[in-house]
Amino acid sequence: MSQSASMTRRSFMKAAGATGALAAVGASAGTLFSPAPDAAHAEPEDKVVYQHCAVDCGGQCVLKMHIKDGELAYVESDTSGDSGFGEGFQPRACLRGRSIRQWLNGPDRLNYPMKRVEGTKRGDGQYERISWDEAIDLIASEFTRIVSTYGNEAVYCQECSGIEQNYMTRTPIRRLFNLCGGQIDRYGSYSSASITFGVYPYVYGKSGWGARSFKTLQEGELVVMFGNAPSDTRMSGDGAGYDLNVAREQKHVRIISIDPRRSEVCANEGAEWIPIKPGTDGALVAGIAHELIVSDLVDLDFLHTYCVGFDDETLPEGAEPNTSYRAYVMGDGYDHVEKTPAWASAITLIPEARIVQLAHEIAAADPCFICQGWGPQRRTNGDSGSRAIMILPLLVGQVGKPGTNSGGREGNNGYDPDDLSMSSGDNPVKAKFPLFLWPEVIKNGDKLTAENAGIQGADKLTCGIKMMVNFGNNTMAGQGADINKTTEILKDESLCEFIVSYDVNFTDSCNYADLILPDLAVQETYSMTTQGDCNDTKGIWMGDPIGEPKYERREVYEVFGEVAKKLGVYDEYSAGGLSREGWRRKVYDDFREKHSELPTYDEAVAQGAVKEGYPADAGIDPYFDDPEANPLKTETGKIQIYSPKLAEYAATWTLPEGDAIYPVPVYVPGYDGPESATDEYPLQLTGFHTKGTVHSTYACNEVLHKMSEPSVWINPIDAAERSISDGDEVAVTSAQGELRTKAKVTNRVMPGVLAMGQGYWHKADMAGDKVDHGGCLNTLTSLHPNTISKGTGQHSVLAQISKAGA
Amino acid sequence: MGQGFAEAPLALFTTLAPMGACAFIALLIAQMKGAFAEGGSTRINRAVWLPLVVVLVGFCGAASHTLTPAHGIYAFTGLGRSPLTNEIAVGGLFVVVALVFCVLSARGKMGDGARRGWLVALSVLAVAFSAFCGLAYMVETIPSWDTPFTVVQMLGYGLLGGSALGLLTLEVAHTPSLEGLARPLGVVAAIGFVLALVGFGGQIGLCQTISNVWGTAASLVPAIWGLFAVLAVCAVAGVVFGAMALKRGNVALAVVACVVVAVGVFFARIGFYGLQMSIAL
Amino acid sequence: MPQYGFHYDAARCTGCKTCEAACRDYHDLPIDITYRHVYEMEGGSFSKDANGCWVTDSFTYYVSFACQHCDHPACTKVCPTGAMHKDDQGFVSVNTERCIGCGYCAMSCPYNAPTVDRSLGHSVKCDGCKDRVAQGQNPICVDACTQRAITFGLVEDLAPSDSRADVAPLPDPALTGPNLYIVSCDAYRPHGDSSVHVANKPEVK
Ligand SMILES: Nc1nc2c(c(=O)[nH]1)N[C@H]1C(S)=C(S)[C@@H](COP(=O)(O)OP(=O)(O)OC[C@H]3O[C@@H](n4cnc5c(=O)[nH]c(N)nc54)[C@H](O)[C@@H]3O)O[C@H]1N2
Ligand SMILES: Nc1nc2c(c(=O)[nH]1)N[C@H]1C(S)=C(S)[C@@H](COP(=O)(O)OP(=O)(O)OC[C@H]3O[C@@H](n4cnc5c(=O)[nH]c(N)nc54)[C@H](O)[C@@H]3O)O[C@H]1N2
Ligand code: SF4
Ligand code: SF4
Ligand code: SF4
Ligand code: SF4
Ligand code: SF4
Ligand SMILES: [Mo]
């Protein structure tokens with residue numbers, strides 16, 4: 001490599017001298033920031049436009065887009081700065097960002113505004129081209145009509161994961177609605193509602209509290225991961241998957257992955273895999289706790305100093321006796337069953353000896369880094385399972401010191417993307433609903449309350465959603481749960497009266513819209529974002545349009561500016577006539593006031609990628625210095641293994657049958673959970689975030705299918721029972737529906753469990769058999785939320801599988 | 001039949017070209033038995049075009065297998081290195097020699113000695129060409145082909161097919177006293193028959209034991225023994241029809257003999273190409 | 001003669017296929033053709049213990065590779081036209097002006113590197129991104145690797161202590177002398193090991 005590295009340097013000088021623009025890039029590199037991405041790769045006739053991949057994968061990788069003859073020829077990513085393993089950072093794009101050319105030029109792109117053909121029903125898929133003027137008129141008039149009939153609470157702009165982080169995602173829409181009296185809002189996300197709203201607040205009082213990145217791992221330590229697959233879900237060259245790889249190689253850390261499937265971290269030289277029956281993490285933790293308790297390995301000092309509710313001694317005031325976690329584990333309270341490793345073993349299907357050993361490994365490790373992804377919480381019992389995992393490190397005092405984590409997801413990020421965003425203004429409407437319940441809000445909005453549906457900001461909603469704008473999401477017939485049931489709700493035009501889909505691609509969700517608008521992709525307009533969810537990195541990526549807009553695609557700020565003009569609020573909307581690029585300058589300059597280390601706006605634009613490596617944040621919360629003086633934001637001010645608030649919810653909330661809330665993380669199997677299998681649906685089906693796509697966004701890119709075939713994973717034991725061979729076309733069914741996909745017969749998934757990558761497009765004859773041929777997991781998932789957060793329980797699915805046509 | 005049918009043009013080539021070439025062996029035998037004596041000679045002098053045409057049709061098949069035959073001229077640069085070039089070179093040499101022979105023969109200007117000389121040369125070239133048709137596939141990294149059986153079966157197909165086609169040629173030429181040829185021609189055909197079945201059967205047997213990460217070579221063509229059976233039945237039928245044609249001096253029967261042998265060999269070749277398995281990927 | 005080669009750290013590879021994607025994009029490959037392959041290999045199985053719990057000895061590993069620009073290429077040996085040739089930098093590539101599309105190179109290469117592109121009428125394969133290399137750049141796959149698992153350079157600079165690629169499903173390196181040097185990983189099994197199978201057939205075949 002010495003050869004090619006030195007050659008790179010030589011030709012860098014040459015190239016930088018040869019082309020004016022690129023030379024300027026080289027010159028603008030500050031000392032604080034690593035030099036601009038190497039210009040050597042630019043051939044003289046190329047134009048290189050900086051952009052980034054803007055999807056919701058946590059990556060936000062830099063894309064250097066090579067333009068030839070006005071067309072995107074190929075992309076490169078960031079290789080600037082130190083490319084050594086573990087030093088510096090490079091937001092290198094993954095296979096999906098690298099395949100963006102096919103996606104940007106794909107056959108599914110929307111080109112013109114379209115209106116549902118008069119006389120057809122939602123779902124019929126009949127659309128006719130209209131002019132932008134007509135489209136803008138329609139939005140303005142429907143907004144006015146619906147607000148005057150039902151009030152602003154009837155208007156909703158759906159979550160946007162399609163462009164998760166940017167200075168302008170769906171913000172222009174929300175800004176406009178806020179200027180016109182407001183809109184109903186949601187809280188939580190499909191991603192992490194349960195851990196964020198059903199776990200963290202009750203344990204640490206704040207989401208993400210105490211999280212440390214893999215960059216802080218110490219020599220030789222043990223990492224225990226529950227349902228965390230960073231090499232699948234944090235794939236960028238500066239993502240957590242890379243960090244963990246670095247730590248494994250350089251710090252010799254040992255990694256254990258507890259997961260129903262062998263994720264990519266357990267391939268090659270990665271982690272040890274302990275297969276666990278999905279949804280049983282709470283039982284596993286209880287079994288480990290039992291072993292720790294009887295072996296006298298719990299850190300009582302830590303538990304008594306910093307936590308409440310481990311044992312009856314530290315129960316908060318007002319708590320019933322024998323309601324501590326210890327009482328639950330030792331059989332002194334709750335169900336009066338001792339949670340021995342043998343008990344846990346029967347539930348989790350992990351051998352008893354391995355559970356015992358795991359307990360001793362965890363107790364012996366110092367430090368021990370315990371973390372979880374969002375797999376365990378994406379279930380109907382997600383709140384309790386995820387909370388159980390979160391208290392495991394507390395039992396052994398492995399929180400709040402170097403090399404530890406708080407039991408949630410690892411990491412933190414540098415610049416807050418919310419600080420680098422156009423403002424959406426103040427929303428006069430205060431009520432919020434849990435995102436996952438949006439179909440329920442459409443159907444039964446006025447019946448939803450704080451107690452039965454977790455409504456926040458108000459005791460209850462006054463009406464359902466009557467106007468819904470979907471910008472950058474495919475939730476209606478793709479990413480939301482139970483497509484068959486959801487689309488029935490959407491088809492009823494007396495419920496939601498006006499639906500807009502504003503997307504870059506014609507997804508199946510568009511078929512439920514009254515108006516379809518063609519957006520420019522982020523790469524086709526002005527963009528700006530931060531480093532993404534990559535840990536201990538700071539970066540700002542600037543993006544300029546890679547070419548002229550094609551067809552009649554138009555970006556959202558300008559379009560909703562036209563609507564704002566109709567509604568008479570354009571001046572406020574545009575902050576006095578700012579263009580999209582003007583906003584970028586304004587947002588950046590405002591941000592730079594607080595971050596004087598940054599280059600000027602013009603320099604940043606010329607540089608394309610502005611990044612700063614800095615030492616990993618290994619700081620310890622002041623709470624550990626003096627818990628009395630620095631209380632947490634929990635009800636007791638302490639870390640809560642027992643939550644008084646949850647005790648209160650348990651007493652006051654109305655819950656669906658089978659759901660339960662306990663003040664300590666009791667194992668509950670949950671709706672369609674690990675203990676509900678039937679003869680008809682004997683298998684547990686679990687989804688995962690696959691390398692083959694980011695949700696539905698890149699799922700239409702054929703070249704990605706070729707590299708990561710959409711399929712359902714099935715263990716050879718289950719496959720043999722059904723005469724299913726690798727590559728067979730199979731039918732997968734649940735109480736919710738049926739889909740077709742290919743079988744991947746593999747030991748990467750444990751027996752009794754099917755695993756499917758999520759994101760593939762729904763393709764079904766909805767007037768006929770409703771069988772999905774696209775391999776879209778949400779054909780099979782249910783709308784049953786998890787208990788406390790009312791977040792998604794999408795991966796609690798019971799299913800059956802057979803050879804298609806057999 | 002595995003991927004074999006994708007190589008149908010090549011199968012056609014390796015069926016027809018050696019068959020046509022080896023037909024000249026039958027002509028040599030006829031020459032030695034005096035069949036080219038005055039009277040029959042004008043017809044026979046023209047009939048010698050028939051096997052050459054068959055060879056050329058085979059070569060057309062080969063050319064149609066390549067995607068850019070226009071670059072074919074470069075195919076001679078691999079001489080000595082590329083087994084494929086060697087095959088083409090020997091085949092090419094054969095065609096040139098045969099062409100000259102046929103032209104001279106058609107002009108009726110060839111003396112007995114000269115004709116015998118040409119036919120000996122053509123016979124040697126025909127056998128060599130058949131062997132090279134096999135050698136072309138003996139590639140180190142393709143263990144399912146890299147066996148002497150590959151050459152043996154090609155020799156067999158050449159000799160068997162050549163006997164049938166040679167017989168037909170002689171019949172078309174109304175060559176008198178064919179009975180005298182029965183014995184020597186029968187011996188050549190018998191050798192061809194044995195080599196063909198031993199060669200192909202031996203290769204199939206070997207392929208049961210050769211495997212890579214995708215499975216055994218034999219499993220690439222699930223019906224491989226069926227193809228062997230087709231070859232065997234066609235070969236037997238060819239010999240029977242040939243013998244009958246010889247006995248009755250019946251052209252139609254000779255045509256049938258040629259066709260059944262060619263069909264049998266063709267299917268065996270399809271099977272052969274299907275058996276192509278890399279040592280690794 | 002200089003000889004370039006790849007160095008692949010299997011312990012780092014996560015099977016993400018970014019290398020393959022970058023190559024496909026840069027060389028604008030049709031969807032059915034790839035120059036770089038990432039094989040997913042699997043071995044072992046699951047069994048039930050006395051208490052009905054699951055135990056497994058299964059394992060998974062990835063192998064990413066393209067053309068090895070071999071010391072003794074199988075492909076050039078068989079090529080009738082000399083279109084498949086090894087140049088003075090050690091790169092093995094196709095001279096499209098000579099290729100007849102006969103497919104012999106594809107059949108003979110034990111790494112399945114060349115493919116005949118029927119629409120182009122000739123064979124295509126990894127050329128080591130030699131145009132980029134000539135300009136002092138890395139092959140695009142190397143710069144793309146999210147885990148920095150692949151490096152590229154003159155073989156004398158590529159950690160010569162690491163052995164030449166000896167891992168299933170690749171062939172015995174003695175066969176062609178591949179210029180692929182590998183840092184092995186725990187899960188790897190040597191060439192010819194019949195206890196592993198390809199787990200992502202549709203993605204590589
Ligand atoms: N490749 C890729 N990366 C992505 C995305 C993508 O679509 N594709 N999406 C991004 C987004 S928006 C998000 S929110 C994140 C999601 O990130 P995560 O939610 O962490 O990802 P998942 O794949 O859903 O789950 C992680 C792991 O949990 C396992 N798991 C499932 N159920 C259980 C259980 O009950 N117990 C245990 N112990 N493990 C379980 C799964 O098998 C999986 O391996 O990923 C982001 N990154
Ligand atoms: N069963 C199951 N379902 C799940 C999950 C799961 O794990 N299992 N994961 C859930 C999670 S964590 C999430 S975050 C959600 C994500 O689900 P969604 O919020 O629907 O996000 P995406 O699928 O990424 O799709 C977004 C849409 O944005 C569009 N888009 C992309 N770029 C642009 C752009 O520049 N402009 C516009 N206007 N549109 C654009 C894409 O074409 C796509 O149609 O899915 C959830 N659904
Ligand atoms: S999908 Fe994520 S990791 Fe991949 S290029 Fe895009 S932002 Fe980066
Ligand atoms: S890997 Fe295959 S194509 Fe490449 S040089 Fe070696 S034999 Fe030839
Ligand atoms: S396909 Fe082209 S490069 Fe390959 S062996 Fe034939 S002529 Fe040579
Ligand atoms: S060296 Fe170039 S052509 Fe070869 S695999 Fe890598 S990117 Fe593709
Ligand atoms: S890009 Fe790197 S880590 Fe990913 S598959 Fe290729 S070699 Fe492995
Ligand atoms: Mo998400």
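Residues numbered from 1 in each chain as written. Chains lettered and ligands numbered in written order. Predicted model: local features only at pLDDT ≥ 70, side-chain atom pairs only at ≥ 80, totals over all residues. Heavy atoms only, no water.

Caption draft 1: Summary view of the overall build of chain C. Each helix and strand counted, chain C has 6 helices and 12 strands in total. Each of the three principal axes of chain C carries a C-alpha extent, and together these read 65 × 35 × 30 Å. When the 205 residues of chain C are sorted by exposure, 69% land in the buried category. Restricting to contacts in chain C with at least 6 residues of sequence separation, those with at least 24 account for 61%. Of the roughly 6,400 Å² that chain C leaves accessible, carbon and sulfur atoms contribute 49%. Computed over 17 positive and 25 negative side-chain charges, the inter-centroid distance for chain C is 4 Å. (Helix = DSSP H or I, 4+ residues; strand = E, 2+ residues; numbered from the N terminus. Buried < 20%, exposed > 50% of the residue type's maximum accessible area, 1.4 Å probe, protein only. Contact = heavy atoms within 4.5 Å. Areas by Shrake-Rupley, 256 points an atom, 1.4 Å probe, with all protein chains shown as cover. Lys, Arg positive; Asp, Glu negative; His and termini not counted. Charge placed at Lys NZ, Arg CZ, Asp CG, Glu CD.)

Caption draft 2: Summary view of the interface of chain A and chain C. Counting from both sides, the interface comprises 63 residues of chain A and, opposite them, 67 residues of chain C. Surface buried jointly by chain A and chain C totals about 5,400 Å² across both partners, of which 48% is contributed by carbon and sulfur atoms. Where chain A meets chain C, there are 6 salt bridges. E40 of chain C is the salt-bridge partner of R748 of chain A, the closest N and O atoms lying 3.0 Å from each other. Where chain A meets chain C, there are 32 residue pairs in polar contact (both at pLDDT 80 or more). Sorting the residues of the side of chain A that touches chain C by element identifies helix 1 (2–18), strand 3 (71–77), helix 3 (95–98), helix 4 (100–104), helix 10 (240–250), strand 10 (272–275) and helix 26 (702–707) of chain A as the ones contributing at least two each. In terms of residues, the side of chain A that touches chain C owes the most to one element, helix 1 of chain A, which gives 6 residues. Looking at the side of chain A that touches chain C, its residues break down into 26 nonpolar, 21 polar and 16 charged. (Buried area = accessible area lost by both parts, 1.4 Å probe. Salt bridge = Lys/Arg side-chain N within 4 Å of Asp/Glu carboxyl O. Polar contact = N/O pair within 3.5 Å; in protein donor to acceptor, adjacent residues only side chain to side chain. Nonpolar A, V, L, I, M, F, W, Y, C, P; charged D, E, K, R; others polar.)

Caption draft 3: Spatial organisation of the sheet that holds strand 21 (residues 683–688) of chain A. Residue and element names in this part refer to chain A. Spatially, the 6 strands close up into a barrel ordered 21-25-22-24-23-26, and their pairing is mixed. The average angle at which neighbouring strand axes cross in this sheet is 45 degrees, direction not considered. Direction of pairing for strand 23 (residues 729–734) relative to strand 24 (residues 737–745): antiparallel, over a ladder of 6 bridges. Note on strand 24: the bridge partner recorded for V730 is T741. (Pairing = 2+ DSSP bridges. Axes fitted to C-alpha atoms, helices over the stretch in contact; angles between N-to-C directions.)

Caption draft 4: Seen up close, helix 21 (residues 556–567) of chain A. Residue and element names in this part refer to chain A. Under the 1.5 Å per step criterion, the end-to-end length of helix 21 is 16 Å for 12 residues, consistent within 8% with the ideal 16 Å. Every buried residue of helix 21 is listed here: V556, Y557, V559, F560, G561, V563 and A564. For helix 21, the secondary structure elements touched by its buried residues are helix 5 (132–150), helix 6 (171–179), strand 14 (467–471), strand 15 (498–503), helix 22 (570–573) and helix 23 (580–594). Capping the start of helix 21, E555 holds a side-chain oxygen 2.7 Å from the backbone nitrogen of Y557, two or three residues further along. Just beyond helix 21, the residue with positive phi is G568, at close to 75 degrees. (Expected span 1.5 Å × (residues − 1).)

Caption draft 5: Looking closely at the packing of aromatic side chains. Tallying each qualifying case throughout the model produces 59 aromatic pairs over all chains. An angle of 85 degrees between the planes, with centres 6.3 Å apart, marks the rings of W209 of chain A and Y623 of chain A as edge-to-face. Note that W209 of chain A is positioned in the loop between helix 8 (200–203) and strand 8 (222–226) and Y623 of chain A in the loop between strand 19 (609–613) and strand 20 (639–640), a separation of 414 residues in sequence. Like Y623 of chain A, W209 of chain A is buried. Centre to centre, the rings of W214 of chain B and Y39 of chain C are 6.2 Å apart; their planes meet at 50 degrees, and the pair counts as tilted. Taken together, the residues span two chains, with W214 of chain B in the loop between strand 1 (211–212) and strand 2 (215–216) and Y39 of chain C in strand 2 (residues 37–43). Among the aromatic residues, those joined into a ring-pair cluster are Y200, Y204, W209, F302, Y306, Y623 and F624 of chain A. When the ring centre of F6 of chain C is taken as reference, the NZ or CZ atom of R36 of chain C above it lies at 5.1 Å. (Phe/Tyr/Trp six-rings, centres within 6.5 Å; stacked < 30°, edge-to-face > 60°. Lys NZ or Arg CZ within 6 Å of the ring centre and 35° of its normal.)

Caption draft 6: Spotlight on the confidence of the model for chain C. In this model, chain C carries an average pLDDT of 96, and 99% of its residues clear a pLDDT of 70 or more. In the predicted complex, the global pTM is 0.95; the interface-specific ipTM is 0.95. (pLDDT = per-residue confidence, 0-100.)

Caption draft 7: A look at the interface of chain B and chain C. Taken residue by residue, the interface counts 31 residues in chain B and 39 residues in chain C. At the boundary of chain B with chain C, total buried surface from both sides reaches about 2,700 Å², with 65% on carbon and sulfur atoms. Considering only the side of chain B, the residues that lose the most area to chain C are L67, W214 and L281 of chain B, jointly responsible for 27% of the buried surface there. Applying the counting rule to chain B against chain C returns 1 salt bridge. K77 of chain C is the partner of E140 of chain B in a salt bridge, and the nearest nitrogen-oxygen pair spans 3.7 Å. The tally of links from chain B across to chain C stands at 16 residue pairs in polar contact (both at pLDDT 80 or more). Here the residues of the side of chain B that touches chain C are counted per class, giving 16 nonpolar, 12 polar and 3 charged.

Caption draft 8: Focus on the packing of helix 1 (residues 8–32) of chain B against helix 5 (residues 112–135) of chain B. All names here are of chain B. Interhelical geometry of helix 1 versus helix 5 gives an angle of 150 degrees and a closest axis separation of 8 Å. Put simply, helix 1 runs roughly antiparallel to helix 5. With respect to the hand of their crossing, helix 1 and helix 5 are arranged in left-handed fashion. Contact residues: helix 1 offers F13, A17, P18, A21, C22, F24, I25, L27, L28, Q31 and M32, while helix 5 offers D112, R115, R116, L119, V120, L122, S123, A126, V127, F129, S130 and C133. Grouping the amino acids of the contact of helix 1 with helix 5 by side-chain chemistry returns 17 nonpolar, 3 polar and 3 charged. (Parallel < 35°, antiparallel > 145°, perpendicular 65-115°, else oblique. Left-handed = near helix turned anticlockwise from the far one by under 90°.)

Caption draft 9: Representation of a nonpolar patch on the surface in the model. Residues and elements named next belong to chain B. On the surface, W49, V53, V57, L99 and V103 cluster together to form a nonpolar patch covering roughly 370 Å² of accessible area. Broken down by secondary-structure element, the contributors of at least two residues to the nonpolar patch are helix 3 (49–65) and helix 4 (83–106). The biggest single contributor to the nonpolar patch is helix 3, with 3 residues. Here V103 shows up in helix 4. (Patch = residues over 30% accessible without salt bridge, like charges linked within 9 Å, V, L, I, M, F, W, Y side chains within 5 Å.)

Caption draft 10: Structural detail: unusual backbone geometry. Omega for the bond connecting D366 of chain A with P367 of chain A falls within 30 degrees of zero, at 0 degrees, which places this linkage in the cis form. In this fold, P367 of chain A is placed in the loop between helix 15 (352–364) and strand 12 (368–372). The step from A168 of chain C to P169 of chain C runs through a cis peptide bond, and the omega angle for that step is 10 degrees. Unusually for a residue other than glycine, Q60 of chain A sits at a positive phi of about 55 degrees. Secondary-structure assignment places Q60 of chain A in the loop between strand 1 (47–52) and strand 2 (62–68). On the basis of relative accessible area, Q60 of chain A is assigned to the buried category, the value being 2%. In this model, D482 of chain A sits at a positive phi of 40 degrees, which is unusual for a non-glycine residue. Along the chain, D482 of chain A turns up in the loop between helix 19 (475–479) and helix 20 (483–491).

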